[in-house]
Amino acid sequence: MAIEKAGTSSGGAEIGTSSSLGRFLKVVLGWDYLRLLSDSKNRKQPEGLKAVKNTYANFNEYIRVFEPLLFEEIKAQIVQGRDEEGETDWQKGGIISCAESEGFHKVSMAVHDNFRDEVSENDLLLLSSQKFDEGVKPNAYAFALVENRGGQGTVTICTFLAGEVKNLETAVPEHSHRLRQISTLFQQLATTTARFLWILKICSLSTIMREYAAMYSLPQLPFKDLILSATERNKIEGREWNVPAPLMDYLQTNLNESQLDAIHAGLSRRSFVLIQGPPGTGKTQTILGLLSAILHSVPSRLQTKGGYSALTQVTGLEFEDKLTNWLKASPWLLGTNPRDMILPIDGDDGFYPTGNELVQRKLAASGANRAGSDRDRIRASILDEAAIVFSTLSFSGSSAFSRMGRPFDVVIIDEAAQAVEPAILVPLAHGCRQVFLVGDPVQLPATVISPIAEKLGYGRSLFKRFQEAGFPVQMLNIQYRMHPEISLFPSKEFYGGYLQDGESVNRKSPWHTYRCFGPFCFFDLVEGEESQPSGSGSWINEQEAEFITTLYHQLATRFPELKSGPHVAVISPYRHQFKILRDRFRATFGEHIDQVVDINTVDGFQGREKDVVLFSCVRANEGKGIGFVSDFRRMNVGITRARSSILVVGSAKTLKQDKHWSNLVKSAEERNNLFEVSKPYAAFFGDDKLDEMRVKKLHEMEQRKSQAMEGGNDPMEKVQPMNVENGDNNAEEEVPFGDDDMDVDAADGYGDD
C-alpha cells in the first residue's frame, strides 16, 4: 500500500520502457536553446497542439494530446530555469572519454569539484564552444543530461547530436549544423587536452521524466480503459469487504456520515474512488479511517468455481481480545507506534522503528561505506517489508520503488487535485488494485509554468477530469475549522451550499467584541494603488501593506494573547507583496515577529490554518482587471485559512470586476461587515470609533430601540444615525455582525478557541 503526496523530488527516472525515455531524450536534447528563448518572448502557440479532453477513445489519442503539452511545459521550465540560475557561472569541462551509439553520445567529463557538487542526476546542461555573452551566438551548442556523478572532479553526461526532432508523429531527426559542430568538437577534444567546452546548468528534469515515462506505461495498467474513458464500465460483483465490528464501532463513533460514506465507497472495491475534501472537513481523519478499514477488513464473499460464496463465520476471540489485537495492529490511531518503543539489537526480533532510524540501523548492520547498490538493496527490502509506504508522487518513480518485488494493493493520493495528470500516473505505473484520489478541485490547482500548456488544460488534474466526465465523487461536507461567519460565503460560492458547520466551530474570540475584528470583514482601501516593480511580473500595494501593519498592531495591542504564539497569518497572492509585508513587519515589530506572525503567499499557505488571517488582495486599478487573483481556487484557499477571523483588505471597486470577488464584496455589504478606510489609517482604530463598533453597545442600542417602539415611543428618532466607518451622519446605522447571543465586553475575557 502506498500513500502519495503531490510534490517533487530528485533522482533518476526509472519508470517505463527504455524506448519511451529514448524518445524523450531525442526530442529534448535536440532542441535549439536560443530558439526556445526567442519563442518564449513571442508566445506563439505551436501548430498541432490539442486541448485536454474529458474522455479518450484509445491510448494513441491520449498520447497525441498529452505528449506535446508535456514538451511545452519542459520548454517553459528550461526558460524559467535559466532565469532562476542567472547568477550561475559558466564552467569549463574537458572530455575524458566519449562513446557514440544510435546518435547518442555518452561522455565522461572532467569538471571542477564545486560544479560536480552542484549537479545531480537528470540535470539538464548546456554545452557550448563559447560563452553566451551578450551579442555572441556560438555556432556549436547542445543540451546534455547528467547521467551520474563519477569520481572526484568528473561527471558522465548524455547528449543527442544526430539532429532535431521537429515532428513528433515521425520522430525522425533532421540535420542540424550546430549539433554536427558539437559532435566534431567532441572528437577533437577526446584526442587533446588543450581545449575544453563551456558548461551551464539549466534545470532538473527528474520529475517530468518520470511523468513522461509513467504516461507511456498507461497501456500496461489494469485500469487503462477506466482512465481513458473516465467511466468504470465493468463493475465486478462480490468484491465488497466486511469491517470487523469493533473497528466499525470506532469509525462510527469518530467519523461523521460523509466520512463513513467515503470509507464504504472504498470498501466496495471500486477501482477508483474520488473523495473531495473542502477546507477543514477532515481529509486526514478519513484517510486514517480508510487505512484501518483496508488493513483489517475481509471480503464478504469469495469467488469459487460455482460463482461467489459467502464467508463462513468461525468461532473467534472474545470482544476484548479482538479490540486489544486491533489496537496493537493500528498504532497510528494511538499516537506513538509501539514498535518505536522496542529497540532491536540485531534486528532478529523482526521489529524495527518506523522512522529514519530504521534506515540508519540497517546501513550500520551492512557497513555504512558499502557501494550504492547495497543501499538500494536495503531500501528495496524495507519497502518489501512495509505495510504502508509514504512518498511524494515523483519519488515513487525512483529506482527504490522499481526494485520492489511486489506491486501495491492500494494507492491513496492526497492533494490529488493539485497535480497534473501525468504526475498521478507515476505511482500507478508499479501496478495496484485500487486507487483513492483525495483532494479538492476548487482549491489550488497544479503549478504549470507554460502559459500555452495551461491554456489547453494541461494543469487540470485527473480528479477534475473524472469529475467533469460525471464520475461519482464522495464529498466530505462537515467542516470543523472555520467560524460559521467565515464558512458561509465559500459554502455558497464554491460548494453549492452543501458545506455544513460542525458543532465546535461557533467559537467566540475576545477580538470579536469589535465588529472590525469580527469573523468576516472586508476593508475597502479607497486610496490603495497597485504597482509593478521593474522587471517583475508580480504586483505590490504599499498602502495595503501599511494598513495591514496598522491592523495587526491594533489587534495585538488590544489582545496580547495573539502575541503569545503563532496565532496570526498575513497572506497575499503575490510574492512581491509578501516580501514587502515581511520587510515592513520586521522593521516595525523587530525580527522576532517571524516567530509570532506567519507571512506567506496564498500558494505557500495551502493546507495550513491560523486563528486570524489578514489577506492582502493587492490589485487596485481602473478597469485593468485583477490578473490571477481572479482564480476562484486561489480565492477559496485564501479566505478559508482562518479559524476565528478572516480580515480581507482590498479595493472593492477593482475586485468587483470579477464575479466571485463581486459576490464576496456583496456578502460583506449585506452583513454590514464592509468598512471603507482612508488615511490616516490609525484614526480608523481610534477609541471613539472602536467604541461605536463594540458588539455589546450596538446590541443594547437595538434592544432599547425595539423596546421603545413596542411602547409607542422611539427615542432613536431624535438621534441621527452615524456610519462608524467614515462619520457620515447621513448614512444608515451599522448593525452587529450576527452572533445574537454574543454581548460580552472585551474585559470579560471569555472563552479560548
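Keep in mind that what you see is a predicted model, and the values were worked out from it rather than measured.

Conventions adopted
Residues numbered from 1 in each chain as written. Predicted model: local features only at pLDDT ≥ 70, side-chain atom pairs only at ≥ 80, totals over all residues. Heavy atoms only, no water. Pairing = 2+ DSSP bridges. Helix = DSSP H or I, 4+ residues; strand = E, 2+ residues; numbered from the N terminus. Axes fitted to C-alpha atoms, helices over the stretch in contact; angles between N-to-C directions. Contact = heavy atoms within 4.5 Å. Salt bridge = Lys/Arg side-chain N within 4 Å of Asp/Glu carboxyl O. Buried < 20%, exposed > 50% of the residue type's maximum accessible area, 1.4 Å probe, protein only. Phe/Tyr/Trp six-rings, centres within 6.5 Å; stacked < 30°, edge-to-face > 60°. Lys NZ or Arg CZ within 6 Å of the ring centre and 35° of its normal. Polar contact = N/O pair within 3.5 Å; in protein donor to acceptor, adjacent residues only side chain to side chain.

*Asks:* Any chance you could break down the sheet that holds strand S23 (residues 597-601) for me, citing the residues and the numbers?
*Replies:* Here we have six strands laid out as an open sheet, ordered S23-S22-S24-S25-S21-S26, and parallel in their pairing. A single partner strand is all that each edge strand has here, and the edge strands are S23 and strand S26 (674-677). Each strand axis lies, on average, 20 degrees off the axis of its neighbour in the sheet, ignoring direction. As paired strands, strand S22 (residues 568-572) and S23 are joined by five bridges and run parallel to one another. Following the sheet pairing, Ser572 is matched in S23 by Thr601. In this fold helix H20 (residues 575-589) packs onto S22, S23 and strand S24 (610-616), with an angle of close to 160 degrees to the strand it touches most, S23. Of the strands in this sheet, strand S21 (520-525), S24, strand S25 (642-650) and S26 touch helix H23 (residues 659-670), which is tilted by about 110 degrees from S21.

*Asks:* Break down the pattern of salt bridges for me, citing the residues and quoting the values.
*Replies:* Under the counting rule described, the total for this entry stands at 34 salt bridges. As a salt-bridge pair, Glu421 and Arg465 come within 2.8 Å of each other at their nearest N and O atoms. Within this pair, whereas Glu421 is found in helix H15 (residues 421-428), its partner Arg465 is found in helix H17 (residues 462-468), the two being separated by 44 residues in sequence. Accessibility classification places Glu421 together with Arg465 in one group, the buried group. Among the salt bridges present, the one from Arg619 reaches Glu530, with a minimum N-O distance of 2.7 Å. Note that Arg619 is positioned in the loop between S24 and helix H21 (632-639) and Glu530 in the loop between S21 and helix H19 (542-558), a separation of 89 residues in sequence. We classify Glu530 as buried; its relative accessible area is 11%. Within this structure, Asp32, Arg35, Glu164 and Arg178 form a network of salt bridges that share partners.

*Asks:* So what's going on with the packing of aromatic side chains? Residues and values would help.
*Replies:* With the rule as written, the count across this model stands at 40 aromatic pairs. Measuring from centroid to centroid gives 5.2 Å for Phe223 and Phe272, while their planes differ by 90 degrees, and the two rings are edge-to-face. Remark: Phe272 occurs in strand S11 (residues 272-276) and Phe223 occurs in the loop between helix H6 (206-216) and helix H7 (224-229); sequence separation between them is 49 residues. Each member of the pair Phe223 and Phe272 is classed as buried. Joined through ring pairs, the aromatic side chains of Trp511, Tyr514, Phe517, Phe523, Phe547, Phe559, Phe675, Tyr681, Phe684 and Phe685 make up one cluster. When the ring centre of Trp539 is taken as origin, the NZ or CZ atom of Arg619, which lies over that ring, is 4.2 Å away. Positioned above the aromatic ring of Phe632, the side-chain terminus of Arg633 is 5.8 Å from the ring centre.

*Asks:* Outline the pairing of strand S4 (residues 123-128), supporting the account with residue identities and numerical values.
*Replies:* In terms of burial, S4 is largely enclosed, as six of its six residues are buried. Burial along S4 is two-sided: Asp123, Leu125 and Leu127 and Leu124, Leu126 and Ser128, pointing in opposite directions, are all buried. Relative to strand S9 (residues 197-204), S4 is paired through six bridges, and the arrangement is antiparallel. Each bridged residue has a counterpart across the sheet, and for Leu126 the counterpart in S9 is Leu200. Alignment of S4 against strand S5 (residues 141-149), held across five bridges, turns out to be antiparallel. In the strand pairing of S5, Leu126 is matched with Phe143.

*Asks:* Tell me about helix H2 (residues 33-42), and please be specific about residues and values.
*Replies:* By the N-cap criterion, in which a side-chain oxygen at the helix start approaches the backbone nitrogen of a residue two or three places on, H2 is capped by Asp32, the distance to Leu34 being 3.1 Å. One or two residues past the end of H2 sits Arg43, with phi positive at roughly 55 degrees.

*Asks:* Now, about the sheet that holds strand S3 (residues 104-110): what can you tell me, with residues and values included?
*Replies:* In space, the six strands of this closed barrel follow the order S2-S3-S6-S5-S4-S9, with antiparallel pairing throughout. Going from strand to strand, the sheet's axes swing by 45 degrees on average, the running direction of each strand aside. The pairing of S5 with strand S6 (residues 154-160) spans four bridges and is classified as antiparallel. Bridging from a neighbouring strand, Val146 pairs with Ile157 of S6. Across the face of the sheet, helix H5 (residues 177-189) comes into contact with strand S2 (91-101), S3, S4, S5, S6 and S9 while running at roughly 50 degrees to S5.

*Asks:* I'd like a description of the pairing of S2, backed by residues and values.
*Replies:* In this structure, S2 lies alongside S9, joined through three bridges in antiparallel fashion. Within S9, the residue paired with Lys92 across the bridge is Trp198. Bridge analysis of S2 against S3 gives seven bridges, and the strand direction is antiparallel. Directly across from Ser101, in S3, lies its bridge partner Phe104. In sequence, S2 turns back onto S3 through a hairpin of two residues, with Glu102 there showing a positive phi of about 55 degrees.

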